[in-house]
Amino acid sequence: MPVQTGTPAQQPPMSQYLGQGFSQPGSPASSAAAGSSRIDPTQIPRPQSTLGLTTFDTRLHNQAAQPPSATSNFVARDTGNCSPRYMRCTLNQIPCSGDLLANSGMPLALMVQPLALPHPMEEPVQVVDFGESGPVRCVKCKGYINPFMKFIDQGRHFKCNFCGHTNDTPRDYHCNLGPDNRRRDADSRPELCRGTVEFVATKEFMVRPPMMPIFFFLVDVSMNAVATGATAAACSAVQRALGELNHIPRARVGIATFDNTLHFYSFNQAQQPTMLVVPDIHDVYAPLQSGLTVPILEFWEPLEQLLENIPSMFQGTIIADSALGAAMKGAALAIKSNGGKLIIFQSGFPSVGFAALTARDPDSRKGPPPGEKDLSKLLQPVDKTLKTLAIELAELQVSCDLFLTTQEYVDVASLAVVPATTGGQMYYYYPFSATSDSAKLYNDLRWNLTRPQGLEAVMRVRCSQGLQVQEYVGNFHRGTPTDVDLPAIDCDKSIMVTFKHDEKLQDNSESCFQCALLYTTMDGQRRIRVTTLSLTCTTVLNNVFRGADLDAQFTYFLKRAAQEAPTTPLAQLRDKMTNSCVNILFTYRKFCATASSAGQLILPEALKLLPLYTLALTKSIGLRSDVRTDDRCYWLARVMTISASLAIPTVYPRMFSIHDLSQKEVGEGNLPQSLHLSSENLENEGVFLLETGEDAFIYAGKGVSSETLFHLFGVQSVNEVQTNQFILQEFDNDESRKLNILINEIRKERCSYLRFRWCRRGDPLEFLFFSLLVEDKNALGLSYVEYLVHVHRQIQNKMT
C-alpha cells in the first residue's frame, strides 16, 4: 500500500514517503501495488527535528501567513496578526459555511495563551495608554480597536470588523487617510499595526482597587508527610523561593500547617510568629481578621526562621489524618478581603474534616478489577463538596495551586476540581522521594511564583459575524455566559475556544478573532491584553486542508479526549479518536485527491503526521486502563490547560541517544537529532534519554560499557544506580557536560524541571519506558505501520 503526501491544491510527487515497491499515483505500477499492505517503515511520515532559528511574519501580502510548527524554534514578527504563541487556530482558512466545516471533519477552534512567553529575540508587547477616555472600542459589540477596523469618511468613522457597526471616531483620535485608505499614523500606532497590544485600563474596568499579590502557603505536617521528608522539602522550597519575590514590593505572605487541626502563624510587632490552632475542622474559621499575612520584605527573617523550624516542630508526630479541605477553606477566609494564591503541599489522603474524602482506591482493593462503569466513576469527583468550595474561592479571587508530594492514593480526580475552577495548577510527584524530587519541587515552585502572570482576570473572545463562540475549555470559572473568570492566569496556561457558524461567510472575506484579557499585573497595574487574528474565508475544501494547523488540531483532539475520558468507555474513546482521524483523511481522499489510485493512502501535507499522533494518543496514559487511577487523573487534568507547543510531546515524546554525545554538537538552542519512537533504535550498547516535557526516562542497553556509564553517571554498572533516588550530576568530562547542557536546554524549552526516572530492566519503569515507544506493536495497540494500514482500510471501506 503506497503512502503519499501532497498539498491540497495539487498532488505533487512526494516520493520520499512512498513505501517499498510503490510508485507515483497514475503510473503503471500503481495498480500492481494497490492490493499490497506492505509499507517500508523507513519511508513513512515521521517528525523531523527542526534545526536553526526561523523568522515568521504573521501577515504577508495582506494575508495571514501559515504559522510554523508550535514545537519549532522561531521568532515571530507581528505584522498585523498576533503571534501564534498567543493564539493559534486549527484552520488558517475559515470555511464559509457550517456544511463545509462539517464535511471537512476538522474542528474550528482557537488555542489561546494570552500571556505566553515570547522568544527572547521578539519585540515585547507594547503598552498603549489612552488616558481617562480608555481604549477605542466599538460602541455596539465592545470590540477593541485593531488593525482590521476600517476607517472611512477621511477617518471620521470606522467600521467594526466584528459586528459591522459604523462608529464615530473620537475627536482626539482622528487622523486623515492616505492614498491607500489607511490612516497616515497607522504604522506608528501599535493598536493599528500590531496583532497584540496591551491597553492601560481605566476606572471603568475596576470594581475595586487592584488587588495585592498575596501568597499563602499551606504545608501538610501529618505523619506520612513528615516521615517521607515531604514537609521538610516543602518548607525548604518555600524558603528558597521566597527570595525570588523580592522584586514585588507589595507582596505579602502567609503560612499555615495542617494535620487533623489547622495551625496559623501570626507575627506580632516583635516579628516573632505565634501559632494559632483552629481545632474545629468542620465549621472552619480564620483565627484573626488580619495579621495572618505580612509584607515579605519586612518580615523576611522571621518567615525564614519559621520555615526552618516547622519540620522539627512536628518531628515524630503520630497524627496520620489530613484535613486538606478545612485548610483550604480556612486559608481562603484569611485572605478573603483581598484574594490571592493558595499554594498547598499535600502528602496524605484528605481523610478528616470539611470536604473529607472516602477512600476508593481500586489498586489496593482485593477481588476482581473494577469494570468500565466503576473506572469511569473513579475519574470523576467523589461528590460536589470540593467543587462548591472551588467556586467560592474563585468568587473571592483566590486561586489554588496543589503540589501533591505523595506515596499513596490521594484521589486526584476529586482534588483536581479546585485548581481547575480557580485558574490554578496541579503538580504531582508520585512516588515522592525527598532525595530525587526536592530539586524539582523547588524549581517548580520557583517558576510558579516568578513566571509572567496576572491576578483577578476576566477573559472574553469575540469573533466576526457569521461565527459564534461555542465553548471554552480550560481552568477557569464561568460567572457569566460570555466571560471566563480567572483568579490567576500565567504564561503556561492555554484556553481552548471552539466556534460554530450561525450564517454563511463571504468567500475571500476575512474572519476575525479577538481575545481580550483584563487582569492585574503583579506590580498592581490594571491592564487589557488584546490579541487579534484575522483569517481568510474560503469556499474551497482544498484551501481548508492547505490551511490546517496540525499542532492546534491535535491539541483540540487531546483536550476533547481528556474531557470525555471520565464518562466514556476507554475502548469506545480510543475508537472515537481513530474515527476522527479517519474521517478527516477520508474527506481529503474523496474530494481533494480524486486522481489517485485506490491502493494509495494519500495524506494531506499539513496533516501527514495526524495518524501517528492519533495512534500515540490512543496509547497515552489518559486512555489506558493499566495505570494507576491517580496517574490517569493527573494526566487528564494536565492536558486541559496544555499549550499547543507541549500537546504533541505529551503523547509523542522525544528520544535521544546520549552514549554518543561526544560526537554531537550540543549547545544553546541546538539539540541533537531525535530518534523515532521504536525499539529498533535502541542499540544494545547504547544509553537513551526519553523526555515527555515533564519526565525524563533514562534507559541503558544490556551491553553498555562501564566507561560510558562512568562518564555519564559516575557508576560502573547499572546495578549501582538507586532507581528511586537517582540524581543527575555533572562530571569533569565532555560527555557529562554535554548531557547536562542537553537537559538544561530541554528544561528551558519546556519551562519544566524534568524529573529523572531510571528504567532498570525488570522494573515497572522499564515497562512504562517501552510503552512510550508508541511506534511499536504492544499490548496497548498496533504498530505505526499496522495503524496506517488500518486507517487506510477504514478509508477504503468508506469510499465503497
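Bear in mind the structure is a predicted one, so any value in this text is a computation, not a measurement.

**Q** I would appreciate a short explanation of the overall build of the protein in the present structure.
**A** Across its full length, the protein carries 22 helices and 32 strands. Computed over its C-alpha atoms, the radius of gyration of the protein comes to 28 Å, within 12% of the 28 Å expected for a compact globule of 800 residues. Principal-axis analysis of the C-alpha atoms gives the protein an extent of 85 × 80 × 55 Å. Of all 800 residues assigned to the protein, the portion counted as buried reaches 60%. Taken as a whole, the protein presents about 31,700 Å² of accessible surface, with 48% of it coming from carbon and sulfur. Put simply, the protein has 73 plus and 80 minus side-chain charges, and the middle of one group is 6 Å from the middle of the other.

**Q** What's the story with the UniProt feature "domain: Sec23/Sec24 beta-sandwich" (unreviewed entry) in the protein in this structure? I'm lost.
**A** Per the UniProt entry, the sites bearing "domain: Sec23/Sec24 beta-sandwich" (unreviewed entry) are residues 454–538 in this numbering. Secondary structure over residues 454–538 splits into 0% helix and 66% strand, and the C-alpha atoms at its two ends are 37 Å apart.

**Q** What am I meant to see in the packing of aromatic side chains here?
**A** Describing an aromatic ring pair means giving the distance of the ring centres and the angle of the ring planes. Summed over the entire model, instances satisfying the criterion amount to 24 aromatic pairs. When the centroid spacing of 5.5 Å and the interplanar angle of 90° are considered together, the rings of Phe769 and Phe770 count as edge-to-face. Judged by its relative accessible area of 0%, Phe769 is buried. A network of ring pairs unites the aromatic residues Phe130, Tyr144, Tyr173 and Phe199 as a single cluster. Looking at Arg240, its charged tip hangs above the ring of Tyr442, at a distance of 3.7 Å from the centre.

**Q** Explanation requested: the sheet that holds strand S29 (residues 654–657) in the structure shown.
**A** Within a sheet, adjacent strands bond to each other through the backbone by hydrogen bonds, running parallel or antiparallel. What the four strands build is an open sheet, ordered S29-S30-S31-S32; its pairing is mixed. A strand with exactly one partner marks an edge of an open sheet, and here the two such strands are S29 and strand S32 (755–759). The sheet shows a mean angle of 20° between the axes of neighbouring strands, taken without regard to direction. Bridge analysis of strand S30 (residues 687–691) against strand S31 (residues 695–700) gives five bridges, and the strand direction is antiparallel. Looking at the pairing, Val687 lines up with Ala700 of S31. Together, S30, S31 and S32 form the strand contacts of helix H19 (residues 706–713), whose direction differs from that of S30 by roughly 40°.

**Q** Can you help me understand the environment of Leu218 in this one?
**A** As for its placement among the helices and strands, Leu218 is situated in strand S14 (residues 214–220). Through-space distance from the C-alpha of Leu218 to that of Leu782 is 46 Å; in sequence the pair is 564 residues apart. In this view, Leu218 contacts Ala256, Phe258, Ala327, Met328, Ala331, Ile343, Ile344 and Phe345; residues no more than four positions away in its chain are not counted.

**Q** Is there a simple way to think about the layout of surface pockets in this case?
**A** Think of a ball as big as a water molecule: rolled over the atoms, this probe shows where empty space is left. Size it by volume and the second largest pocket reaches roughly 1,100 Å³. Around the second largest pocket, the lining comprises 34 residues; the ones closest to its centre are Pro147, Phe148, Met149, Lys150 and Asn161. Here the element with the most residues in the lining of the second largest pocket is strand S26 (residues 510–521); it accounts for three residues. For the lining of the second largest pocket, a count of residues per class yields twelve nonpolar, 13 polar and nine charged.

**Q** In this structure, what is going on with helix H9 (residues 385–395)? I would like to understand it.
**A** Note: α-helices contain 3.6 residues per turn, so residues at a spacing of three or four share the same orientation. Buried residues of H9: Leu386, Leu389, Ala390, Leu393 and Ala394, and no others. Viewed along the axis of H9, the buried residues span an arc of 140°, placing them on a single side of the element. Buried residues belonging to H9 abut helix H7 (324–334), strand S20 (398–405), helix H10 (412–415), helix H11 (417–422) and strand S24 (484–490).

**Q** When you look at the side chain of Asp437 in this model, what are you seeing that I'm missing?
**A** Locating Asp437 in the fold gives a position in helix H12 (residues 434–450). A polar atom in the side chain of Asp437 sits 2.8 Å from the side chain of Arg755.

**Q** Teacher, can you tell me more about empty space enclosed by the protein here?
**A** Per the counting criterion, the structure on display carries four cavities of 30 Å³ or more. Here the largest cavity is characterised by a volume of approximately 80 Å³. Here the lining of the largest cavity takes three residues from strand S6 (residues 87–89), the largest share from any one element. Grouping the amino acids of the lining of the largest cavity by side-chain chemistry returns ten nonpolar, three polar and one charged.

**Q** How should I be thinking about the sheet that holds strand S23 (residues 467–473) in this particular structure?
**A** The sheet built from four strands is open, its strands ordered S6-S8-S25-S23 with antiparallel pairing. The open sheet terminates on both sides in strands that have one partner only, identified here as S6 and S23. Taking each pair of neighbouring strands and ignoring which way they run, the sheet shows an average axis angle of 25°.

**Q** Hey, could you run me through the packing of helix H14 (residues 550–564) against helix H17 (residues 629–639) in this one?
**A** Running from amino to carboxyl end, H14 crosses H17 at an angle of 135°, the nearest separation of the two axes being 9 Å. Classified by the angle between their axes, H14 and H17 sit oblique to one another. As for the relative orientation of H14 and H17, their crossing is left-handed in sense. Listed contacts from H17 to Leu558, Lys559 and Ala562 of H14 are Trp635, Leu636 and Val639. Residues that form the contact of H14 with H17 fall into these classes: five nonpolar, no polar and one charged.

**Q** Mind showing me how you'd approach the UniProt feature "domain: Gelsolin-like" (unreviewed entry) in the protein here?
**A** Mapped onto this numbering, the UniProt entry annotates "domain: Gelsolin-like" (unreviewed entry) at residues 670–741. End C-alpha to end C-alpha, residues 670–741 measures 10 Å, and it is 22% helix and 15% strand.

**Q** In this structure, what is going on with the pattern of salt bridges? I would like to understand it.
**A** Any two side chains of opposite charge can pair, on the condition that their charged atoms come close. Enumeration over the complete set of coordinates arrives at 37 salt bridges. Ionic pairing is found between Arg59 and Glu510, a salt bridge with its closest N-O pair at 3.4 Å. Placement of the pair is Arg59 in strand S3 (residues 59–60) and Glu510 in strand S26, with a sequence separation of 451 residues. On the accessibility criterion, Arg59 (10% relative accessible area) is buried. Glu510 sits in the partly exposed class, given a relative accessible area of 33%.

**Q** Is there a simple way to explain the packing of helix H16 (residues 610–618) against helix H22 (residues 784–799) in this structure?
**A** Interaxial distance between H16 and H22 falls to 10 Å at its minimum, and their mutual angle equals 110°. By the angle between their axes, H16 is roughly perpendicular relative to H22. In this structure, the crossing between H16 and H22 has a hand that is right-handed. On H22, the residues touching Pro611, Leu612, Thr614 and Leu615 of H16 are Tyr784, Tyr787 and Leu788. Here the contact of H16 with H22 is built from residues that sort into six nonpolar, one polar and no charged.

**Q** What am I meant to see in the state of the cysteines here?
**A** Cysteine pairs can be linked by a disulfide, which is a covalent bond between their two sulfur atoms. Under the criterion given, the structure shown has zero disulfides. We note that Cys82 lacks a disulfide partner, and the nearest cysteine sulfur, in Cys515, lies 9.1 Å from it. On the accessibility criterion, Cys82 (3% relative accessible area) is buried. In this structure Cys235 is a free cysteine whose sulfur lies 17 Å from that of Cys400, the closest cysteine sulfur available.

The rules behind the values
- Residues numbered from 1 in each chain as written.
- Predicted model: local features only at pLDDT ≥ 70, side-chain atom pairs only at ≥ 80, totals over all residues.
- Heavy atoms only, no water.
- Helix = DSSP H or I, 4+ residues; strand = E, 2+ residues; numbered from the N terminus.
- Rg over C-alpha atoms; globule rule 2.2 N^0.38 Å.
- Buried < 20%, exposed > 50% of the residue type's maximum accessible area, 1.4 Å probe, protein only.
- Areas by Shrake-Rupley, 256 points an atom, 1.4 Å probe, with all protein chains shown as cover.
- Lys, Arg positive; Asp, Glu negative; His and termini not counted.
- Charge placed at Lys NZ, Arg CZ, Asp CG, Glu CD.
- UniProt positions renumbered as here; feature names shortened; annotations may be inferred.
- Phe/Tyr/Trp six-rings, centres within 6.5 Å; stacked < 30°, edge-to-face > 60°.
- Lys NZ or Arg CZ within 6 Å of the ring centre and 35° of its normal.
- Pairing = 2+ DSSP bridges.
- Axes fitted to C-alpha atoms, helices over the stretch in contact; angles between N-to-C directions.
- Contact = heavy atoms within 4.5 Å.
- 1 Å grid on protein atoms, 1.4 Å probe; cavity = no way out; pocket = protein on both sides within 12 Å on 5 of 7 lines; lining within 4 Å.
- Points joined across faces, edges and corners; volume = space filled by probe spheres on them.
- Nonpolar A, V, L, I, M, F, W, Y, C, P; charged D, E, K, R; others polar.
- Arc of directions from axis to C-beta.
- Polar contact = N/O pair within 3.5 Å; in protein donor to acceptor, adjacent residues only side chain to side chain.
- Parallel < 35°, antiparallel > 145°, perpendicular 65-115°, else oblique.
- Left-handed = near helix turned anticlockwise from the far one by under 90°.
- Salt bridge = Lys/Arg side-chain N within 4 Å of Asp/Glu carboxyl O.
- Disulfide = S-S within 2.5 Å.

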